[in-house]
Amino acid sequence: MDDVIKLLESARNDIAKADNLQQLESLRVALLGKKGSLTDAMKSLAGLSDTNRKEKGQQLNLVKQEITDLLTKRKVLLEQVELNHRLKAEKIDVTLPSLAWQIGRLHPITQTIDELTAIFGQMGFSVAEGPEIEDDFHNFTALNIPPSHPARQMHDTFYLHPQQETPQEGNNAPPVLRTHTSPVQIRALKSLPKPVAVIAPGRTYRSDYDQTHTPMFHQVEGIWIDRQTHMGHLKGCLIDFVHAFFENESIPVRFRANHFPFTEPSAELDIGYGIIDGMIRIGEGDKWLEILGCGMVHPNVLQACDTDPDSYQGFAFGIGIERLAMLKYGIPDLRTFFQCDLRWMRHYGFLPYDTASSIRGLGL
Ligand code: PHE
């Protein structure tokens, strides 16, 4: 009897004195481990008479329970102490200025999206978003691209497994990785009150890979729908955008007739450039480079979005973001955007403090 009480008392004492988790763990092993003193005492029960074994067994169980509780409580306390200690030791002074070479960089795509948002935001567009896994209705059908339309082939679409659980609207075609940001037009037109003026920057996917194509790339979609919005508005908006983005009012711009199923009339916008000493120079020389597609939203698209084409009209455009960033920042290979090379990021990335704004200036 006495030895059990003694064991309990010394255990209480030792547990109370343990002042770190390691010590406490050794103590636990010494008491309750395979060769621990309490385990030994339990083992010695086997040699006792029935009545003695019962009584001592009960007592040992109580002692074990108490020791286990004490160990647990002490452990919680010591963990708290240790955590406080670490929090104190590892405190970071966020007000300290960072070291220039340690600062992270914004990716040129992030920077370009910020610049686009600043420019179009000032014109009155707000930003909308849509899912990257899109259904057939939003990516194609509502954009006046019916199931057998050849434009579906042009898009090198990534189709997903038909069983995938994505909300489907209209038909049972498999979901796709959106091939352009135009489906956000549909979502915006269907869900927002008119007039609608939104841009939708984001990722898009097509199965293509070479110096000027990557399977994932970025576009920014724009749509402006009101009662009397016309082609003149489209031209003014996009010419102003080009001049603001390249921060150069004298860049030559031309609209060239084109075809998109979702706009009528449709055009592509080219900007003038030249190659001088092996370098692309925007606004100089006599070459033209296509940077975006645009047009007046097709009445069928308005109808698919429950918008009456006799009351509403407007324009839409879609711009390749990488193409803009490559031109503005002189980045020669599209694939390098997504190779996660830190040296590339240090060279082409932007300091996070240099937030793009049309007041403070863009990414120069
Ligand atoms: N969605 C078209 C593309 O990906 C671009 C576009 C958008 C053209 C809006 C006209 C109007 O090529």
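Above this text you will find the structure in question.
Predicted model only: the values in this text are computed from it and were never measured.

1. Overview of the overall build of the protein chain
For step 1, the next point in the chain: A tally of regular secondary structure across the protein chain gives 12 helices and 10 strands.
For step 2, the next point in the chain: Taken over the C-alpha trace, the protein chain has a radius of gyration of 34 Å; the compact-globule value for 364 residues is 21 Å, which it surpasses by more than 25%.
For step 3, the next point in the chain: With the C-alpha coordinates of the protein chain rotated into their principal frame, the extents come out at 105 × 50 × 40 Å.
For step 4, the next point in the chain: When the accessible surface of the protein chain is split by element, carbon and sulfur atoms take 54% of a total near 20,600 Å².

2. Some thoughts on the site of the ligand
For step 1, the next point in the chain: His180, Ser182, Arg206, Gln219 and Glu221 are the nearest of the 14 residues found near the ligand.
For step 2, the next point in the chain: Here histidine 180 contributes a side-chain N or O atom positioned 3.0 Å from a nitrogen atom of the ligand.
For step 3, the next point in the chain: At 3.0 Å, a side-chain N or O of arginine 206 approaches an oxygen atom of the ligand.
For step 4, the next point in the chain: Burial of the ligand by the surrounding chains reaches 91%, relative to a free accessible area of 330 Å².
For step 5, the next point in the chain: In the shell around the ligand, the residues fall into five nonpolar, seven polar and two charged.

3. Some details on the packing of aromatic side chains
For step 1, the next point in the chain: This model, assessed by the stated rule, comprises 13 aromatic pairs.
For step 2, the next point in the chain: Where phenylalanine 125 meets phenylalanine 317, the ring centres are 6.1 Å apart and the plane angle is 75°; that geometry is what we call edge-to-face. One end of the pair, phenylalanine 125, is in the loop between helix 5 (108-123) and strand 1 (126-127); the other, phenylalanine 317, is in strand 10 (residues 313-320), and 192 residues separate them in sequence. Comparing phenylalanine 125 with phenylalanine 317 shows no difference in burial state: the two are buried.

4. Comments concerning the packing of helix 1 (residues 2-17) against helix 4 (residues 50-89)
For step 1, the next point in the chain: Contact pair helix 1 / helix 4: the axes reach a minimum separation of 10 Å and the direction vectors enclose 0°. Here helix 1 is positioned roughly parallel relative to helix 4, judged by the angle of their axes. Contacts from Asp3, Val4, Ile5, Leu7, Leu8, Ala11, Arg12, Ile15 and Ala16 of helix 1 reach helix 4 at Lys56, Gln59, Leu60, Val63, Glu66, Ile67, Leu70, Leu71 and Arg74.
For step 2, the next point in the chain: A per-class count over the contact of helix 1 with helix 4 returns 12 nonpolar, one polar and five charged.

5. Examining the packing of helix 1 against helix 2 (residues 21-32)
For step 1, the next point in the chain: At a closest axis distance of 9 Å, the pairing of helix 1 and helix 2 adopts a crossing angle of 160°. Taken together, the axes of helix 1 and helix 2 are roughly antiparallel relative to one another. Here the hand of the crossing between helix 1 and helix 2 comes out left-handed. Between helix 1 and helix 2, the residues in contact are Ala11, Asp14, Ile15 and Lys17 and Gln23, Leu24, Leu27 and Leu31, respectively.
For step 2, the next point in the chain: Of the residues assigned to the contact of helix 1 with helix 2, the class counts are five nonpolar, one polar and two charged.

6. Details of the side chain of threonine 179
For step 1, the next point in the chain: With respect to the secondary-structure elements, threonine 179 resides in the loop between strand 3 (176-177) and helix 8 (183-191).
For step 2, the next point in the chain: Residue classification places threonine 179 among the buried positions, given a relative accessible area of 0%.
For step 3, the next point in the chain: When sequence neighbours within four positions are dropped, the list of residues in contact with threonine 179 reads Asn139, Phe140, His155, Thr157, Thr204, Tyr205, Arg206 and Phe217.

7. Here we look at the environment of threonine 212
For step 1, the next point in the chain: Examined against the element boundaries, threonine 212 turns out to sit in the loop between strand 4 (196-205) and strand 5 (216-226).
For step 2, the next point in the chain: For the pair formed by threonine 212 and arginine 281, sequence separation is 69 residues and the distance between their alpha carbons is 18 Å.

8. Thoughts on the environment of histidine 107
For step 1, the next point in the chain: By secondary structure assignment, the location of histidine 107 is in the loop between helix 4 and helix 5.
For step 2, the next point in the chain: Not counting residues up to four positions away in its chain, the partners in contact with histidine 107 are Phe337, Trp344 and Met345.

9. Comments concerning the pairing of strand 9 (residues 287-297)
For step 1, the next point in the chain: When you tally the buried positions in strand 9, you get eight out of 11 residues, the bulk of the element.
For step 2, the next point in the chain: The sheet contact formed by strand 7 (residues 263-276) and strand 9 spans nine bridges and is antiparallel. The residue bridging alanine 267 from the neighbouring strand is cysteine 294, located in strand 9.
For step 3, the next point in the chain: Bridge count between strand 9 and strand 10: five bridges; the pairing is antiparallel.

10. A word on the side chain of glutamate 268
For step 1, the next point in the chain: Inspection of the secondary structure assignment puts glutamate 268 in strand 7.
For step 2, the next point in the chain: Residue class for glutamate 268 comes out buried when judged on its relative accessible area of 14%.
For step 3, the next point in the chain: At 3.5 Å, the side chain of glutamate 268 and the side chain of asparagine 258 are in polar contact.
For step 4, the next point in the chain: Those residues in contact with glutamate 268, other than ones at most four positions away along the chain, are Arg254, Phe255, Arg256, Asn258, Phe260, Glu290, Leu292 and Gly293.

The rules behind these values
Residues numbered from 1 in each chain as written. Predicted model: local features only at pLDDT ≥ 70, side-chain atom pairs only at ≥ 80, totals over all residues. Heavy atoms only, no water. Helix = DSSP H or I, 4+ residues; strand = E, 2+ residues; numbered from the N terminus. Rg over C-alpha atoms; globule rule 2.2 N^0.38 Å. Areas by Shrake-Rupley, 256 points an atom, 1.4 Å probe, with all protein chains shown as cover. Near = heavy atom within 4 Å. Polar contact = N/O pair within 3.5 Å; in protein donor to acceptor, adjacent residues only side chain to side chain. Nonpolar A, V, L, I, M, F, W, Y, C, P; charged D, E, K, R; others polar. Phe/Tyr/Trp six-rings, centres within 6.5 Å; stacked < 30°, edge-to-face > 60°. Buried < 20%, exposed > 50% of the residue type's maximum accessible area, 1.4 Å probe, protein only. Axes fitted to C-alpha atoms, helices over the stretch in contact; angles between N-to-C directions. Parallel < 35°, antiparallel > 145°, perpendicular 65-115°, else oblique. Contact = heavy atoms within 4.5 Å. Left-handed = near helix turned anticlockwise from the far one by under 90°. Pairing = 2+ DSSP bridges.

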